[in-house]
Amino acid sequence: YERAQFGNFAFVPRSDGSLSFLKVDSYAPPVITKQPVGTTVKSGKTATFTVEATGSIVSYQWQNKATGKDDWYEPEETSSKTSTYNFVTTAYTYVISPILVRCRLTDSKGNIVYTDEVTFTVSRKIIMEVTVYGIKRVLVPIHNRPCRRT
């Protein structure tokens, strides 16, 4: 006899020539069906990332890191059962921009899958545009100082 499977059940041959009737676990590992999308936001605004997946996902851990760095940072507020990550930017965020973002999904059996890494860019917040002697100047905040000319 050879093993035969029908849906969630299987007939498995024994050494004595008889067959065992078994229920087969229909477990399927998680599959990401919608990846997060990279974005650009102004400093002080919120960037939102989402992921969708099939399977019995028990946790989503969003991670981010500055471009060129080795270690991923896991903000405590993102460790949950939510598939959405709201990243609130600050003036400092602009300094380390662009930032890579991804999500680690863990299922009920401990299997882990990662989303694609997406780029998140923070644009400078323009305080004021002025023209002096025909030359356009832009004032923007930088490094905890009120503003500087560019």
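Here the structure is a predicted model, which means the values were calculated and not measured.

Broken down by element type, the protein chain carries 1 helix and 16 strands. Going through the 150 residues of the protein chain one by one, you find that 28% of them count as buried. Partitioning the intrachain contacts of the protein chain with sequence separation of at least 6 by distance along the chain shows that 45% fall at a separation of at least 24.

Let us look at the nonpolar core. Counting 17 residues, the largest nonpolar core has Phe-49, Val-51, Trp-62, Phe-87, Val-101, Leu-105 and Phe-120 as its most contacted members. Residue assignment for this core shows that the elements contributing at least two residues are strand 6 (46-50), strand 8 (57-66), strand 10 (84-88), strand 11 (99-107) and strand 13 (118-123). When residues in this core are grouped by element, the largest group, 4 residues, is from strand 11.

This part covers the packing of aromatic side chains. Applying the stated criterion to the full structure yields 5 aromatic pairs. With 5.5 Å between their ring centres and 80 degrees between their planes, Phe-49 and Phe-120 make a pair best called edge-to-face. One end of the pair, Phe-49, is in strand 6; the other, Phe-120, is in strand 13, and 71 residues separate them in sequence. Relative accessible area serves as the criterion here: at 1%, Phe-49 is assigned to the buried category.

Together, Phe-9, Phe-11, Leu-19 and Phe-21 make up a nonpolar patch on the protein surface, roughly 370 Å² of accessible area in all. Of all elements in the fold, only strand 2 (9-13) and strand 3 (19-23) reach the threshold of two or more residues within the nonpolar patch. Residue position: Phe-9 is located in strand 2. With a relative accessible area of 37%, Phe-9 lands in the partly exposed category.

On to the confidence of the model for the protein chain, then. The pLDDT averaged across the protein chain works out to 76; a share of 68% of its residues lies at or above 70. Here strand 16 (residues 145-149) is the element of the protein chain with the lowest mean pLDDT, 42, and strand 12 (residues 112-114) is the one with the highest, 93. The low-confidence segment residues 142-150, where pLDDT is below 50, has 17 contacts with residues more than four positions distant or belonging to other chains.

Under the criterion given, the structure shown has 2 salt bridges. In this structure, Glu-74 and Arg-104 form a salt bridge, with 2.8 Å as the shortest nitrogen-oxygen distance. Here Glu-74 is found in the loop between strand 8 and strand 9 (79-80), whereas its partner Arg-104 is found in strand 11, with 30 residues between them in sequence. Its relative accessible area of 34% is what places Glu-74 among the partly exposed residues. Measuring nitrogen to oxygen at the nearest pair gives 4.0 Å for the salt bridge that ties Arg-102 to Glu-117. Of this pair, Arg-102 sits in strand 11 while Glu-117 sits in the loop between strand 12 and strand 13; the two residues are 15 residues apart in sequence, bridging distant segments of the chain.

How each quantity is defined
- Every residue gets a number counted from 1 within its own chain, in the order that chain's sequence is written.
- Note on the predicted model: pLDDT of at least 70 is required for a residue's local features to be given, and 80 or more for side-chain atom pairs to be given and counted; whole-chain, interface and lining totals, by contrast, use all residues.
- To get the side-chain values, take all heavy atoms of the structure and skip hydrogens and water.
- Only DSSP runs of H or I with at least four residues qualify as helices, and only runs of E with at least two residues qualify as strands; both kinds are numbered from the N terminus onward.
- Three labels apply to residues, based on accessible area from a 1.4 Å probe with only protein chains included: buried if under 20% of the type maximum, exposed if over 50%, partly exposed otherwise in between.
- Only heavy atoms matter for contacts: two residues are in contact if any of them lie within 4.5 Å across the pair.
- Nonpolar cores were defined as sets of buried Ala, Val, Leu, Ile, Met, Phe, Trp, Tyr and Cys residues, with membership established by side-chain atoms within 4.5 Å.
- The aromatic pairing rule takes the rings of Phe, Tyr and Trp, using the six-membered ring of Trp, and pairs them if the centres are within 6.5 Å, calling planes under 30 degrees apart stacked, those over 60 edge-to-face and the rest tilted.
- For patch detection, residues must exceed 30% relative accessible area and be free of salt bridges, and they are connected within 9 Å for like charges or within 5 Å for nonpolar side chains (Val, Leu, Ile, Met, Phe, Trp, Tyr).
- Here the accessible surface of atoms and residues is derived via Shrake-Rupley with a 1.4 Å probe, and residues count as covered only by protein chains that are part of the display.
- Only one rule defines a salt bridge in this text: a Lys or Arg side-chain nitrogen within 4 Å of an Asp or Glu carboxyl oxygen.
- A score between 0 and 100, pLDDT records how confident the predictor is in each residue.

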